[in-house]
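# Geometric and topological summary
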Amino acid sequence: MADLSAFPIASRWPARHPDRIQLYSLDTPNGVKASIMLEETGLPYEAHLVDIMENESHLPEFLALNPNGKIPAIIDPDGPGGKPLGLFESGAILMYLADKTGKFIPADAAARWETIQWVFFQMASIGPMFGQVGFFNKFAGRQYEDKRPLERYVNESKRLLGVLDGRLAGRDWIMGSDYTIADIATLGWVNNLITFYEARELVEYDRFGNVAAWLERGLARPAVQRGLKIPSRD
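Residues numbered from 1 in each chain as written. Predicted model: local features only at pLDDT ≥ 70, side-chain atom pairs only at ≥ 80, totals over all residues. Heavy atoms only, no water.

A word on the side chain of Asp 76. Its place among the elements puts Asp 76 in strand 3 (residues 73-76). A polar atom in the side chain of Asp 76 sits 2.9 Å from the backbone nitrogen of Asp 78. Discounting residues that sit within four places of it in the chain, Asp 76 has contacts with Ile 21, Lys 83, Pro 84, Leu 85, Tyr 96 and Lys 100. (Helix = DSSP H or I, 4+ residues; strand = E, 2+ residues; numbered from the N terminus. Polar contact = N/O pair within 3.5 Å; in protein donor to acceptor, adjacent residues only side chain to side chain. Contact = heavy atoms within 4.5 Å.)

With 59 residues, the main nonpolar core has Leu 97, Val 211 and Trp 214 as its most contacted residues. For this core, the secondary-structure elements that each account for two or more residues are strand 1 (21-25), helix 2 (31-41), helix 4 (90-101), helix 5 (109-137), helix 6 (148-167), helix 7 (181-194) and helix 8 (209-219). Here the element with the most residues in this core is helix 5; it accounts for 10 residues. Look past the residues within four positions of Val 211 in its chain and what remains in contact with it is Leu 161, Leu 164, Asp 165, Leu 168, Val 190 and Tyr 205. Residues Phe 7, Leu 26, Ile 71 and Ile 75 belong to the second largest nonpolar core, which totals 13 residues. (Core = buried A, V, L, I, M, F, W, Y, C linked by side-chain atoms within 4.5 Å. Buried < 20%, exposed > 50% of the residue type's maximum accessible area, 1.4 Å probe, protein only.)

So, about the pairing of strand 1. Counting buried residues along strand 1, five of its five residues qualify, which places the element largely inside the surrounding structure. Across five bridges, the pairing between strand 1 and strand 2 (residues 45-49) is parallel. Looking at strand 2, one finds that Tyr 24 is bridged to His 48. As judged from the three bridges shared by strand 1 and strand 3, these two strands associate in the antiparallel manner. When the sheet's bridge partners are listed, Tyr 24 is paired in strand 3 with Ala 73. (Pairing = 2+ DSSP bridges.)

In this section: the sheet that holds strand 3. Pairing between sheet strands relies on hydrogen bonds along the backbone, with the strands arranged either parallel or antiparallel. Strand order in the open sheet formed by four strands is 2-1-3-4, and the pairing between neighbours is mixed. Strands with a single pairing partner mark the edges of an open sheet, and in this sheet they are strand 2 and strand 4 (85-88). Each strand of the sheet is rotated relative to its neighbour by a mean of 15 degrees, with strand direction disregarded. Packing against the sheet, helix 2 makes contact with strand 1 and strand 2, and its axis sits at approximately 150 degrees to strand 1. Relative to strand 4, helix 4 is tilted by about 135 degrees, and along the sheet it contacts strand 1, strand 3 and strand 4. (Axes fitted to C-alpha atoms, helices over the stretch in contact; angles between N-to-C directions.)

By the definition in use, this model includes 14 salt bridges. Its salt-bridge partner being Glu 56, residue Arg 12 comes within 3.3 Å of it at the nearest N-O pair. Of the two residues, Arg 12 sits in helix 1 (residues 9-12) while Glu 56 sits in the loop between strand 2 and helix 3 (60-63), which places them 44 residues apart along the sequence. Note that Glu 198 and Lys 138 form a salt bridge whose closest N and O atoms lie 3.7 Å from each other. With Glu 198 in the loop between helix 7 and helix 8 and Lys 138 in the loop between helix 5 and helix 6, this residue pair connects regions lying 60 residues apart in the sequence. What emerges from the salt-bridge pattern is a single network uniting Lys 158, Glu 204 and Arg 207. (Salt bridge = Lys/Arg side-chain N within 4 Å of Asp/Glu carboxyl O.)

We now examine the side chain of Glu 40. Considering the arrangement of structural elements, one finds Glu 40 in helix 2. A polar side-chain atom of Glu 40 sits 2.8 Å from a polar atom in the side chain of Tyr 179. Excluding residues that lie within four positions of it along the chain, Glu 40 makes contacts with Phe 104, Tyr 179, Ile 184, Arg 221, Ala 223 and Val 224.

Here Ile 71 and Pro 72 are connected by a cis peptide whose omega angle stands at 0 degrees. Structurally, Pro 72 is set in the loop between helix 3 and strand 3. Across the junction of Ile 230 and Pro 231, the peptide omega takes the value -5 degrees, indicating a cis bond. Structurally, Pro 231 is set in the segment after helix 9 (222-227). Its identity is not glycine, yet Glu 204 carries a phi of approximately 55 degrees, on the positive side. With respect to the element layout, Glu 204 can be found in the loop between helix 7 and helix 8.

Structure representation (structure tokens):
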């Protein structure tokens, strides 16, 4: 049986199955990247809900694994060399799980790096910009009298949707015929933008037909549907 005692987070969220990957997360656009990937790969894992609304990601036990205080994070009891490995940052987790399983990332070196660049596109651009739209459209930012911040992030989100739409022209997935971690990284954010953030009309989403068709294909995947609801809030 794996020994996770070196990880303080395991004392706050005890593992019932310590030999499985431990996922510490919430069903946010970043969090579901990890849960969708775990569902897609079929790796055994155990999900622990970290309630960010209760500031649980800033508890000392969580910060011991991720000093940045953000979900998701994982512990793989069977990491490199058979030793437990803790990881944070959703993009790093996707790349690690892809390498561990050999799934959802091309074996060809050039295609591998092309995939990684689109993961970074999501991490550096889509996530931060769509998140700002959410803040200024749905949360506290909507009370600001000055609407220029919202306008700025809406316009940038439209531009990014245009970039993604252009990439998807003639392609089923970001990398063409193969579904990869680039899609897994991005699906939750696009879905969140038009559902939870209530910004469908604001960003003129329906103008981006390639994106809309791609999202529909992604949401039709059973592993995506499961992953979007993990960890359960019930």
